[in-house]
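# Fold and contact review
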Amino acid sequence: MSHDDETVVRRRLLRLTAQPPPGSVSAEPLPASPAAATPGASAALVSGELSAEPVADVGADPPAGSHVDRLLRPASADRRPLESGPTSPAGVVADEPSVPGGSESAARRLPGPGAFDPGRRGVRALAAVAVLVVVAAGFWAWRSRPQAEPVPPVAGATVPVTDGVVEPVASPSAELVVAVAGKVRRPGLVRLPVGARLADAVQAAGGALPGVDVALLNPARKVADGELIVVGVTPPPAAAGQPVAGGAPAAGAAPVAGAPVNLNTATLADLDALPGVGPVLAQRILAHREQHGGFKSVGELRQVDGIGDARYEQLKELVTV
Amino acid sequence: MSATPDGSGTPIDPGGGPGPAQTIVAGGVPDLRLAGLAVATWLTALAGLHLGAATVLIAAVLAAVFSAVGALHLVGLLGRPGRWARRHGWIAVAVALGVVCGGTVGAARLAVRDADALRSLAEQRASITAELVVRDDPRPIRGNPGRPATLLVTTELVTLTESDGRRLGAPVQVLVLAAHPAWRGLLPGQRLTAEGRLGVPRGGDLTAAVLSASGPPVRRGAPSWAQRAAGSLRAGLQRACAPLPDARGGLLPGLVVGDTSRLLPTVEEDFRATGMTHLNAVSGANVPWG
């Protein structure tokens, strides 16, 4: 008893809240002589300055018994708050009857902040661990960032990789090349930035000749790479369905049966006319074209919601890009 | 086992000088020095799964700053630590270090999971061809009546090829939804190629994308010998249970090795209703001890 009180006082002085009463665990299955256990118990009194290398200490002779003690301790400590009454069953914890004021002793034995306190040296070790963790996590994240590989068939073009992000547009240079023909000042090839409208293309070709109405070509339409824009010339009906007809379908020419529909230039009506494609699906195809700046391959059609494998098989012969 | 400290003959050192044998906290209370760090790490990682990489990385940086400033304060380089700081300061620093650990590791994994390249493909529901490594046994989920049962296969992505030929490699977790019966019976470690359409995962775990497989997997090579051995043992157990009536024959592999592939839906429902699904969820430890 008096020893216990003494240790309590000493413990508070030393800012360690938990100090064992003598003989705290009786159910010790392993032979741990008092002499072996004592250095461990006494060592703990020391001011929360805890060694950062517990593993090394386990191997040493005197603390070996104490290590067993520590392994067993959580179970008995968990039990303690429940056994706060003086009528707690003897034999589970041998010294329990010798502790007066059950609730007070329970409160005294609950792990206080001291049990959580790693101390200065402990924090030093934890900080070293944290630095290792941060370095390892950074290395791992860097190593497993997505790796984009270049497309083999494209002539020497590498898909640019910026910080693990693949450029959403496949064109290696962020530039479109379109042909502008017909009644413009400088017909020929023009280079445009991605996302350019038809009006930009006409402007880049020097602008339409006086008296030519561009409105029918839909100047707001986004142009796709490799497109031919014919200004002010009504294409002959036989050519209306050809893939490079530009904005011509807007002029009312129906696609010729059998000629593939260009996904990048087709209107809602053209797509609607395809077998198995209704107005809703046609609208989705147009929306996909707007979002992604045109179709680069027929296979991209499968990415449109509502086009499954079966419908794609049916459509792929009827469309082109 | 703990003799009275005074009677032991070992002098108690009130000066607090660190000695070689001072790792043991006083008897009677558990050694909880790592608890703050561990709980903080765990909670930060859990929060990261729901809050995203950026949030958790910011939390980690703030915690790192806090722990550095706190440590400097506690050693006396930044002002004089007050009473509370002396008493609880190192605990707070340890907790902050836990946030640093959990935050950086979580952010690293989440950043790989949420990488734009794959996420944009998943949002487009792109059709792709993926090279995958199976990481877990395929498990059936109950499908709608009249439709074939769907299999869930947890895999790790090696590379994926888009429809226009671009390839993308990222070591992320991909959940495969497959209806084709050839997906049944795949062993962990099996490398395979599958076609399908990507989808956005539900979130809350490390799954980067969901692949709805459109056909059977094309196997590449064989799984490791250990997995093959385990697989043959499981197959043997299934064969041994085959003559049993359906209810019992499906239950036994579940109890022994957690193989619920043949468990009847009615039996599974019974287990769920009684809250005993853990019995056939994990391991053979149920039977030896049961």
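### Concerning the overall build of chain A
The helix and strand tally for chain A stands at 11 helices and eight strands. Out of the 321 residues in chain A, the part that is buried amounts to 40%. In the form shown here, chain A has an accessible surface area of approximately 16,000 Å², with 62% of it arising from carbon and sulfur atoms.

### Remarks on the overall build of chain B
Assigned secondary structure in chain B consists of eight helices and eight strands. In chain B, which comprises 290 residues, the proportion classed as buried is 41%. Of the contacts made within chain B by residues no fewer than 6 positions apart, 62% connect residues no fewer than 24 positions apart.

### A word on helix α6 (residues 246-257) of chain B
All names here are of chain B. Along its 12 residues, α6 runs 17 Å from first to last C-alpha, staying within 8% of the 16 Å computed at 1.5 Å per residue. Among the residues of α6, G249, G250, L251, P253 and G254 are the ones counted as buried. Against α5 (225-241) and α7 (265-273) lie the buried residues of α6.

### Concerning the side chain of H288 of chain A
All names here are of chain A. The topology assignment puts H288 in helix α10 (residues 279-292). A relative accessible area of 7% means that H288 is categorised as buried. If near-sequence neighbours (up to four positions away) are discounted, H288 is found in contact with F295, E300, Q303 and V304.

### Quick look at the packing of aromatic side chains
Residue and element names in this part refer to chain A. Counted under the stated rule, the structure contains one aromatic pair over all chains. Judged by centre distance (6.4 Å) and plane angle (35°), the ring pair of F139 and W142 falls under tilted. With F139 and W142 both in helix α7 (residues 119-143), this residue pair falls three residues apart, about one helical turn. For W142, a relative accessible area of 52% translates into the label exposed. The side chain of R145 reaches across the aromatic face of W142, ending 4.9 Å from its centre.

### Focus on the pairing of strand β4 (residues 175-182) of chain A
Taken together, the six bridges between β4 of chain A and strand β5 (residues 188-193) of chain A define a ladder with antiparallel strand orientation. In the strand pairing of β5 of chain A, V178 of chain A is matched with V190 of chain A.

### Some details on the confidence of the model for chain A
Segments scoring low in pLDDT should not have their predicted coordinates read at a detailed level. All names here are of chain A. On average, chain A scores 64 in pLDDT, and the residues at 70 or more come to 49%. Taking the mean pLDDT of every element in chain A, the minimum, 40, falls on helix α3 (residues 54-59) and the maximum, 90, on α7. Within the model, the stretch residues 154-172 combines pLDDT values under 50 with 26 contacts to residues more than four positions away or in other chains. Across residues 238-257, where pLDDT falls below 50, the model places 25 contacts with residues more than four positions away in sequence or in other chains.

### Description of the environment of L252 of chain B
All names here are of chain B. With respect to the helices, strands and loops of the structure, L252 is situated in helix α6. Counting along the chain gives 15 residues from L252 to L237, while the straight-line C-alpha distance between them is 8.7 Å. Those residues in contact with L252 that sit more than four places away from it in its chain are C241 and L244.

### As for unusual backbone geometry
All names here are of chain B. Located in the positive-phi region is R125, a residue other than glycine, with phi close to 55°. Relative to the helices and strands, R125 is located in the loop between α4 (116-124) and β1 (127-134). The exposure class of R125 is partly exposed, given its relative accessible area of 33%.

### Structural notes on the packing of α5 of chain B against α6 of chain B
Residue and element names in this part refer to chain B. Where α5 meets α6, the closest approach of the two axes is 9 Å, and the angle between their N-to-C directions is 150°. In this view, α5 runs roughly antiparallel relative to α6, as classed from their interaxial angle. When you trace α5 past α6, the crossing you get is right-handed. Of the residues in α6, those in contact with R234, L237 and C241 of α5 are G249, L252, P253, V256 and V257.

### Re the sheet that holds β4 of chain A
All names here are of chain A. Taken in spatial order, the three strands make up an open sheet running β5-β4-β6, and their pairing is mixed. Of all the strands in the sheet, just β5 and β6 (228-231) have a single pairing partner and so form its edges. Strand-to-strand twist across the sheet, computed as the mean angle between neighbouring axes with direction ignored, equals 35°. One ladder, built from four bridges, connects β4 with β6; its direction is parallel. Bridge pairing links A181 to V230 in β6.

### Some thoughts on the pattern of salt bridges
All chains considered together, the criterion is met by 10 salt bridges over all chains. R221 of chain A is the salt-bridge partner of E227 of chain A, the closest N and O atoms lying 2.7 Å from each other. Like R221 of chain A, E227 of chain A is buried. The salt bridge involving R33 of chain B is made with D31 of chain B; its shortest N-O contact spans 2.7 Å. Overall, R33 of chain B belongs to the buried group, its relative accessible area being 10%. Each of R113, D114 and R119 of chain B takes part in one network of salt bridges that share partners.

### Comments concerning a positive patch on the surface
A grouping of R80, R83, R86 and R87 of chain B is seen on the molecular surface, where their side chains present a positively charged patch. By the element assignment, R86 of chain B lies in helix α3 (residues 83-113).

### Quick look at the confidence of the model for chain B
Residues and elements named next belong to chain B. A residue-level look at chain B finds 83% of positions with pLDDT of 70 or above and a mean pLDDT of 80. Here residues 1-26 is modelled with pLDDT under 50, and outside its nearest four sequence neighbours on either side it reaches 70 contacts, counting other chains as well. This complex was scored by the predictor with a pTM of 0.49 and an ipTM of 0.71.

### Details of the nonpolar core
Nonpolar side chains in soluble globular proteins generally cluster together in the buried interior. With 30 residues, the main nonpolar core has L118, L132, L160, V176, W183 and L211 of chain B as its most contacted residues. Of all the secondary-structure elements, those providing two or more residues to this core are α4, β1, β3 (150-162), β5 (173-178), β6 (191-199) and β7 (207-213) of chain B.

### What about the packing of helix α1 (residues 35-51) of chain B against α3 of chain B?
Residues and elements named next belong to chain B. Between α1 and α3, the shortest axis-to-axis distance is 7 Å and the interhelical angle comes to 30°. By the angle between their axes, α1 is roughly parallel relative to α3. When the axes of α1 and α3 are compared, the crossing they make is right-handed. Side by side, α1 and α3 meet where G36, L37, A40, T41, T44, A45, G48 and L49 of the first sit next to A94, V95, L97, G98, V99, C101, G102, G103, L110 and R113 of the second. Among the residues making up the contact of α1 with α3, the classes are represented as 10 nonpolar, seven polar and one charged.

### Structural notes on the environment of L318 of chain A
Looking at the secondary structure, you find L318 of chain A in the loop between α11 (309-315) and β8 (319-320). For L318 of chain A and L263 of chain A, which are 55 residues apart along the polypeptide, the C-alpha to C-alpha distance reads 9.9 Å.

Conventions we followed
Here the residue index of a chain counts from 1 through its sequence in written order. Chains carry letters from A onward and ligands carry numbers from 1 onward, assigned in written order. Under the rules for a predicted model, residues below a pLDDT of 70 receive no local features and side-chain atom pairs below 80 are neither given nor counted, while totals for whole chains, interfaces and linings still include all residues. To get the side-chain values, take all heavy atoms of the structure and skip hydrogens and water. Helix and strand definitions follow DSSP, with helices as H or I runs of at least four residues and strands as E runs of at least two, each counted in order from the N terminus. Burial status follows relative accessibility: with a 1.4 Å probe on protein chains alone, a residue under 20% of its type maximum counts as buried, one over 50% as exposed, and anything between as partly exposed. Calculation of accessible area relied on Shrake-Rupley with a 1.4 Å probe; when residues are assessed, cover is drawn exclusively from the protein chains displayed. Should any heavy atoms of two residues lie within 4.5 Å, those residues are considered in contact. Given the number of residues in a helix, its expected span is that number minus one, multiplied by 1.5 Å. Whether two aromatic rings pair depends on their centres lying within 6.5 Å, for rings of Phe, Tyr and Trp, where Trp uses its six-membered ring; planes under 30 degrees apart make the pair stacked, over 60 edge-to-face, and the rest tilted. By definition here, charges over rings are those cases where NZ of Lys or CZ of Arg is within 6 Å of the ring centre and within 35 degrees of the ring normal. Being paired, for any two strands, means DSSP has found at least two bridges between them. Per-residue confidence from the prediction method is given by pLDDT, with values spanning 0 to 100. Lines fitted to C-alpha atoms define the axes here, with helix axes fitted over just the stretch in contact, and angles between the N-to-C directions of these axes take values from 0 to 180 degrees. Each angle is binned into one of four classes, with values under 35 degrees roughly parallel, values over 145 roughly antiparallel, values of 65 to 115 roughly perpendicular, and all other values oblique. Each crossing is labelled by how the near helix is turned from the far one, with a counterclockwise turn of less than a right angle marking it left-handed and a clockwise turn marking it right-handed. Salt bridges are identified by distance alone: a Lys or Arg side-chain nitrogen within 4 Å of an Asp or Glu carboxyl oxygen. Put simply, a patch holds well-exposed residues, over 30% relative accessible area, that have no salt bridge, with like charges counted together within 9 Å and Val, Leu, Ile, Met, Phe, Trp or Tyr side chains within 5 Å. Counted charges follow a simple rule, with Lys and Arg positive, Asp and Glu negative, and His plus the chain ends left uncounted. The location of each charge is read from NZ of Lys, CZ of Arg, CG of Asp or CD of Glu. Nonpolar cores were defined as sets of buried Ala, Val, Leu, Ile, Met, Phe, Trp, Tyr and Cys residues, with membership established by side-chain atoms within 4.5 Å. The nonpolar class holds Ala, Val, Leu, Ile, Met, Phe, Trp, Tyr, Cys and Pro. Asp, Glu, Lys and Arg form the charged class, and all remaining residues, Gly among them, are polar.

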